[in-house]
Amino acid sequence: VGFSSGDNSQSVKSTANPTEGTPKDILTQLYLILQSPHYLVTIIGRSIPYASLFFAELLILKIFSALPAELCRPYQLSTIITSTTCPCLMDRRQTTKRDLRTGVFFPWPMLYGWVYPQLLMVLIILLTYSCISPLLSLFGIPFFIFSYTMYKFQLLYTYISEYQSGGSMWYTLFDFSLISLLFATLTLLGYIALQYDTYYVGGPFWLLLPLPISVLYFLYYCHGKFKKQSMSLSLGFAKELDQRAFDRKQLNLSIPHDSFTKTMYRQPALTESSQYPEPYRNFMIHLDDVESNSDPNHRPNRRGTISIDIE
């Protein structure tokens, strides 16, 4: 990096490790940046390989702490243990149906808005450093293997799906994956460009220059070729589904038409039925004396109570 001070100019070659954080090194780097602003790009380029150590530690932390915590679900487990060991917190004979449905035994759904960003973050890290620091893939591959196994078990046996998206999340996930690949290729080109002062970098840089354009073209091609067709059934496949349903009906088997409701796609607020208070598990029913059939002028003068325990 060349910079001038007064009448004298000199060339300074910085050999400081970007990971060093002593005050003297920081002041030196700030001084060089103020003298030559383009030196900031050089610092970023040299820091990219060293940042892979941080991301490797992050992946290790996720593998040995985040995934086991998601599998054990400590918050839900602690609430169940607390409620069963402390009767004062939960009396089974006085709890309502709503308490059982929304309290300790609440059927937790899959939080896709929380899970997908974490997986995409790991994906963009691996795509960015797959060429710059290939050893980082040794930590990313086990992460995705354990994540697939753990979330498959959770979806099958633990989480309760509140809705079915019909695969609509796939389009968003596909777009974000290709955008991550696009930024990874741009990062790789920028890193190679910073090493352009050596004689052997020019060839790989110009060879990989069309790569971001190829990623954008592939994204545009998939949207135009497959997206519209995949969002609707073809006439031939729809006819095949009708034939399958007809054959099952002839055999007195259940078909999807049996569970379909006409109000499925209407607004829930417009299709709700009359609402009634939910009964308690241990409640009292007050009844008037039944009028005697033999005495139509009989008036009930007392109230009877019936205690019913619902277990």
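No experiment lies behind these values; they were computed from the predicted model shown. (Residues numbered from 1 in each chain as written. Predicted model: local features only at pLDDT ≥ 70, side-chain atom pairs only at ≥ 80, totals over all residues. Heavy atoms only, no water.)

(A) Structural context of the nonpolar core. With 21 residues, the main nonpolar core has Tyr129 and Leu136 as its most contacted residues. For this core, the elements supplying multiple residues, two or more each, are helix 2 (39-72), helix 5 (112-129), helix 6 (137-157) and helix 7 (168-194). Discounting residues that sit within four places of it in the chain, tyrosine 129 has contacts with Ile48, Ala51, Ser52, Phe55, Pro134 and Leu136. (Core = buried A, V, L, I, M, F, W, Y, C linked by side-chain atoms within 4.5 Å. Buried < 20%, exposed > 50% of the residue type's maximum accessible area, 1.4 Å probe, protein only. Helix = DSSP H or I, 4+ residues; strand = E, 2+ residues; numbered from the N terminus. Contact = heavy atoms within 4.5 Å.)

(B) Quick peek at the pattern of salt bridges. Evaluation of the coordinates by the stated rule reveals one salt bridge. For the salt bridge of arginine 244 with glutamate 240, the shortest nitrogen-to-oxygen distance reads 2.6 Å. Here the residue arginine 244 and the residue glutamate 240 both occupy positions in helix 10 (residues 235-250), the gap between them amounting to four residues, near one helical turn. On the basis of relative accessibility, which here comes to 36%, the residue glutamate 240 falls in the partly exposed class. (Salt bridge = Lys/Arg side-chain N within 4 Å of Asp/Glu carboxyl O.)

(C) Structural view of a nonpolar patch on the surface. On the surface, a cluster of nonpolar side chains totalling about 540 Å² of accessible area is made up of Ile60, Phe64, Leu135, Leu138 and Phe139. Elements supplying a minimum of two residues to the nonpolar patch: helix 2 and helix 6. Here isoleucine 60 shows up in helix 2. (Patch = residues over 30% accessible without salt bridge, like charges linked within 9 Å, V, L, I, M, F, W, Y side chains within 5 Å. Areas by Shrake-Rupley, 256 points an atom, 1.4 Å probe, with all protein chains shown as cover.)

(D) A look at the confidence of the model for the protein chain. Averaged over every residue, the pLDDT of the protein chain is 75; the share at 70 or more is 72%. Within the model, the stretch residues 1-21 combines pLDDT values under 50 with 30 contacts to residues more than four positions away or in other chains. Every residue in residues 298-311 is under pLDDT 50, and counting partners more than four places away or in other chains gives 34 contacts. (pLDDT = per-residue confidence, 0-100.)

(E) Geometry of the packing of aromatic side chains. With the rule as written, the count across this model stands at nine aromatic pairs. Residues phenylalanine 153 and tyrosine 157 carry aromatic rings whose centres are separated by 5.1 Å and whose planes lie at 45° to one another, so their mutual orientation is tilted. Here phenylalanine 153 and its partner tyrosine 157 are both found in helix 6, four residues apart, which amounts to about one turn of the helix. Overall, tyrosine 157 belongs to the exposed group, its relative accessible area being 62%. Feature note: the residues Phe54, Phe55 and Tyr129 constitute an aromatic cluster, connected by ring pairs. (Phe/Tyr/Trp six-rings, centres within 6.5 Å; stacked < 30°, edge-to-face > 60°.)

(F) Just the side chain of aspartate 175, in detail. With respect to the secondary-structure elements, aspartate 175 resides in helix 7. Despite being buried, aspartate 175 has no salt bridge partner; lysine 227 is the closest side chain of opposite charge, sitting 5.1 Å away. Those residues in contact with aspartate 175 that lie beyond four places of it in its chain are Leu219 and His223. (Lys, Arg positive; Asp, Glu negative; His and termini not counted.)

(G) Looking closely at unusual backbone geometry. The residue arginine 73 is not glycine, and still its phi comes out positive at about 50°. With respect to the element layout, arginine 73 can be found in the loop between helix 2 and helix 3 (74-85). For arginine 73, a relative accessible area of 17% translates into the label buried. The backbone phi angle of asparagine 252 is positive, close to 60°, even though this residue is not glycine.

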